[in-house]
Every structure is written in structure tokens, then in C-alpha cells.
Amino acid sequence: QVQMVESGGGLVQAGGSLRLSCAASGRIFSIDAMRWYRQAPGKQRELVAFITRDGTTTYTDPVKGRFTISRPDAKNTVYLQMNSLKPEDIAVYYCNGDIRTTNWAATGNYWGQGTQVTVSS
């Protein structure tokens, strides 16, 4: 089994910063892309950022220049550094990863449980 556990959410004033972490554990052979999604109240879940195994990153337009996704040494933890936070960033943030549990297994897609980010204006 694979578990993905997020941490680092909380309440911050507008303009402040938070760093989210997501640690994947369990039976892991390899991890390909890892992603951060968010879901605001009453809205659909949206992709915020993703990072490939070779470190290529992509961001949704509203967070470009403010958020940074990283995965040091391509290990099992992915981070989302969020700067200049705005009230419109309020959401539950979820990590997501493409993970193989053995060298013969197909790649599976796994989710964390989510962490709340609240920004006060």
C-alpha cells in the first residue's frame, strides 16, 4: 500500500507564505510525476502545479511567480512553497503522485487526504 500525507496548511494573512509538504510512503518502487491540486469551496478541483521525475515544472497561471513546486533529489517528498498568498488561494490542497509499487506493476495514481489553506484579508 502507498500513503501520501500532506502537512503545512494553516491560516495566514494575505501576502504571507506557507510551505506544504507531501510525503509518500509504503511499498514504493518508483515515483514519476507528482502534483498539487486544490479545491476551493463550491468549485471543482484544479491542478496547481506538477513536477516530473526529471524536475520539469508546470504551473497554472494564477500561481505563476508566487508558488514553487520542488522535489529534492527526486525523492518521495514534494513541496509547494506558496508566497504572496491571496484570499483567492483559499482551498483544500491535495498532493497526487504517479507511483509504481514494484518494477513489474503498472503505474498507479495516489492522493493525499488534503490540507486546508486559509488566507485572511
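Basis of the calculations
- Residues numbered from 1 in each chain as written.
- Predicted model: local features only at pLDDT ≥ 70, side-chain atom pairs only at ≥ 80, totals over all residues.
- Heavy atoms only, no water.
- Helix = DSSP H or I, 4+ residues; strand = E, 2+ residues; numbered from the N terminus.
- Buried < 20%, exposed > 50% of the residue type's maximum accessible area, 1.4 Å probe, protein only.
- Disulfide = S-S within 2.5 Å.
- Salt bridge = Lys/Arg side-chain N within 4 Å of Asp/Glu carboxyl O.
- Contact = heavy atoms within 4.5 Å.
- Polar contact = N/O pair within 3.5 Å; in protein donor to acceptor, adjacent residues only side chain to side chain.

Student: Would you explain unusual backbone geometry in this entry?
Tutor: Although it is not a glycine, Ser84 sits at a positive phi angle of roughly 50°. You can see Ser84 is positioned in the loop between strand 8 (77-82) and strand 9 (91-100). Among the residues examined, Ser84 registers a relative accessible area of 39% and is labelled partly exposed.

Student: Explanation requested: the state of the cysteines in the structure shown.
Tutor: The bond known as a disulfide is covalent and runs between the sulfur atoms of two cysteines. Inspection of every chain in the model, using the stated rule, returns 1 disulfide. Bridging Cys22 to Cys95, the disulfide has an S-S length of 1.9 Å. Across the S-S bond linking Cys22 and Cys95, the dihedral sits near 45°, which makes this disulfide right-handed. Of this pair, Cys22 sits in strand 3 (residues 18-26) while Cys95 sits in strand 9, and the two are 73 residues apart along the sequence. Of the two residues, Cys22 and Cys95, neither departs from the other in class, the shared state being buried.

Student: Mind showing me how you'd approach the pattern of salt bridges here?
Tutor: One side chain can pair with another of opposite charge once the charged atoms of both are near each other. With the rule as written, the count across this model stands at 6 salt bridges. Residue Arg38 pairs with Glu46 through a salt bridge whose shortest N-O separation is 2.7 Å. Here Glu46 falls in the partly exposed class, since its relative accessible area comes to 31%. For Arg66, the salt bridge is made with Asp89, and the minimal N-O distance between the two is 2.7 Å.

Student: How should I be thinking about the environment of Ser17 in this particular structure?
Tutor: Position of Ser17 relative to the elements: it lies in the loop between strand 2 (10-13) and strand 3. When sequence neighbours within four positions are dropped, the list of residues in contact with Ser17 reads Val12, Gln81, Met82, Asn83, Ser84 and Leu85. In terms of polar contacts, Ser17 uses its side chain to reach the side chain of Asn83, at 2.9 Å.

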